[in-house]
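Each chain, letter by letter, is given below.
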Amino acid sequence: MLRAALVVVVLCAVVMGLLWAFQRRLVYLPDDGPVPAAADAVPGGRDVALTTSDGLTLGAWFVPGPEGSATVLVANGNGGHRGLRAPLARALSAAGLGVLLFDYRGYGGNPGSPSEAGLALDVRAARTWLLEEAGVPAGRLLYYGESLGCAVVTELAVEHPPAGLLLRSPFTDLAAVGAEHYPFLPVRQLLRDRYPVAEQVARVRVPTTVVLGGADSIVPPAQSRRVADAAAQLHRRVEVPGADHNDLALLDGEQLVAAVVELADLAAGR
């Protein structure tokens with residue numbers, strides 16, 4: 001029995017070690033592409049390159065808005081590439097907003113490997129490009145996060161507050177959502193990337209809208225509601241009944257787009 005117990009302990013240690021070493025392959029699900037040209041995906045779009053502070057070049061699409069309009073910096077979720085967010089960019093552009101879609105390191109053919117620290121550098125490169133290259137005023141810049149991207153833009157907003165923040169399907173922190181899907185594992189003890197959305201949104205003092213699906217099977221709706229409750233300056237919580245995490249209603253649906261436009265109007269004082 002002692003030998004059997006020792007075998008179990010060794011096996012558990014091996015499994016935990018493998019999970020520690022390869023966990024980011026479970027968190028980040030990049031699609032290498034090919035990514036279409038911006039103009040083929042979004043009318044008026046153009047391909048641009050972002051340069052991170054650690055020397056990586058990231059692919060992005062920029063769709064300028066009308067003069068004086070707000071621009072939306074979009075931070076993707078953990079899967080796919082920017083091409084999957086083209087419907088969102090088209091909808092926001094049609095609503096009179098500028099849009100920047102970009103891919104994180106390791107996504108869409110970009111160099112590098114994704115991590116919490118790496119994505120923080122990537123979104124800062126996107127913001128810097130909009131301010132310095134596109135000439136977008138800081139007071140007309142909105143941040144939009146999708147799922148994991150909620151954590152990326154919320155962390156950015158703590159340091160560089162936008163005119164408005166929209167979080168679509170946010171989790172309270174990565175360990176909390178990981179525990180929902182892997183309840184048999186000590187997720188909180190194993191995770192290297194934390195993404196504490198609820199903790200950080202409490203420090204962001206700009207109008208914040210939380211959009212969630214009432215039937216989300218990836219991020220429990222209760223977690224998104226807790227993020228809304230934690231927001232220091234909640235403007236609105238929009239719950240789309242019956243919508244799952246990847247449903248069209250949460251990609252470019254009418255309620256979602258209207259919530260972004262409302263934030264833009266609020267930032268403009270309308």
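Residues numbered from 1 in each chain as written. Predicted model: local features only at pLDDT ≥ 70, side-chain atom pairs only at ≥ 80, totals over all residues. Heavy atoms only, no water.

### Considerations on the nonpolar core
- Counting 50 residues, the largest nonpolar core has Leu50, Leu167, Phe171 and Tyr195 as the members making the most contacts within it.
- Considering each element in turn, this core owes the most residues, 7 residues, to helix H6 (residues 148-159).
- Here Phe171 is in contact with Ser147, Leu148, Ala151, Val177, Tyr195, Val197, Val219, Gln223 and Val227, once residues within four sequence places are set aside. (Core = buried A, V, L, I, M, F, W, Y, C linked by side-chain atoms within 4.5 Å. Buried < 20%, exposed > 50% of the residue type's maximum accessible area, 1.4 Å probe, protein only. Helix = DSSP H or I, 4+ residues; strand = E, 2+ residues; numbered from the N terminus. Contact = heavy atoms within 4.5 Å.)

### Quick look at the sheet that holds strand S4 (residues 71-75)
- One open sheet accounts for 8 strands, arranged S2-S3-S6-S4-S7-S8-S9-S10; its pairing is mixed. On the outer flanks of this sheet lie strand S2 (46-51) and strand S10 (234-240), each paired with one strand and no other. Neighbour-to-neighbour, the strand axes of this sheet turn through a mean angle of 20°, independent of strand direction.
- Helix H4 (residues 86-94) contacts strand S3 (57-63), S4, strand S6 (98-102) and strand S7 (141-146) of the sheet and is inclined by roughly 165° relative to S6.
- With respect to the sheet, H6 is in contact with S4, S7 and strand S8 (164-168), its orientation differing from that of S7 by roughly 145°. (Pairing = 2+ DSSP bridges. Axes fitted to C-alpha atoms, helices over the stretch in contact; angles between N-to-C directions.)

### So, the packing of aromatic side chains
- In the structure shown here, the tally under the stated rule is 3 aromatic pairs.
- Centroid distance Phe102 to Tyr104: 5.5 Å. Interplanar angle 90°. Geometry classified as edge-to-face. Of the two residues, Phe102 and Tyr104, neither departs from the other in class, the shared state being buried.
- Their ring planes at 80° and their centres at 5.7 Å tell us that Tyr104 and Tyr107 sit as a pair that is edge-to-face.
- Here Tyr104 falls in the buried class, since its relative accessible area comes to 1%.
- In this structure Tyr107 comes out as buried when scored by relative accessible area, which is 2%.
- One aromatic cluster is present, formed by Phe102, Tyr104 and Tyr107 through successive ring pairs. (Phe/Tyr/Trp six-rings, centres within 6.5 Å; stacked < 30°, edge-to-face > 60°.)

### Brief notes about unusual backbone geometry
- With an omega of 10°, the peptide bond running from Gly33 to Pro34 counts as cis.
- Mapping Pro34 onto the fold places it in the loop between strand S1 (29-30) and helix H3 (38-41).
- Phi is positive for Ser147, close to 55°, though the residue is something other than glycine.
- For Ser147, the location among the structural elements is in the loop between S7 and H6.
- With phi around 60°, Ser169 is a residue other than glycine that occupies positive phi space.
- With respect to the helices and strands, Ser169 occurs in the loop between S8 and helix H7 (174-181).
- The class for Ser169 is buried, based on a relative accessible area of 0%.

### Description of helix H10 (residues 221-230)
- Within the span of H10, buried status applies to Pro221, Gln223, Ser224, Val227 and Ala228. For H10, the arc enclosing every buried residue in end-on projection is 160°, short of the 170-degree limit, so these residues lie on one face.
- Elements that come into contact with the buried residues of H10 comprise S8, H7, helix H9 (197-201), strand S9 (208-213) and S10. (Arc of directions from axis to C-beta.)

### Here's the deal with the confidence of the model for the protein chain
- Taken over all residues, the pLDDT of the protein chain has a mean of 91, while the share at 70 or more is 90%.
- Across residues 6-16, where pLDDT falls below 50, the model places 3 contacts with residues more than four positions away in sequence or in other chains.
- Predicted confidence for residues 18-22 stays below pLDDT 50, and this span has 8 contacts to residues more than four positions away or in other chains. (pLDDT = per-residue confidence, 0-100.)

### Focus: the pairing of S6
- Across the 5 residues that make up S6, a large majority, 5, are buried.
- The alternating pattern of S6 places Gly98, Leu100 and Phe102 and Val99 and Leu101 on opposite faces, both of which are buried.
- For S3 and S6, the ladder comprises 4 bridges, and the chain directions are antiparallel. Each bridged residue has a counterpart across the sheet, and for Trp61 the counterpart in S6 is Leu101.

### Some words on the side chain of Arg82
- Assignment of secondary structure puts Arg82 in the loop between strand S5 (79-80) and H4.
- Among all residues touching Arg82, those that are not within four sequence positions of it are Val35, Asp47, Gly59, Ala60, Trp61, Asn76, Leu101, Phe102 and Asp103.

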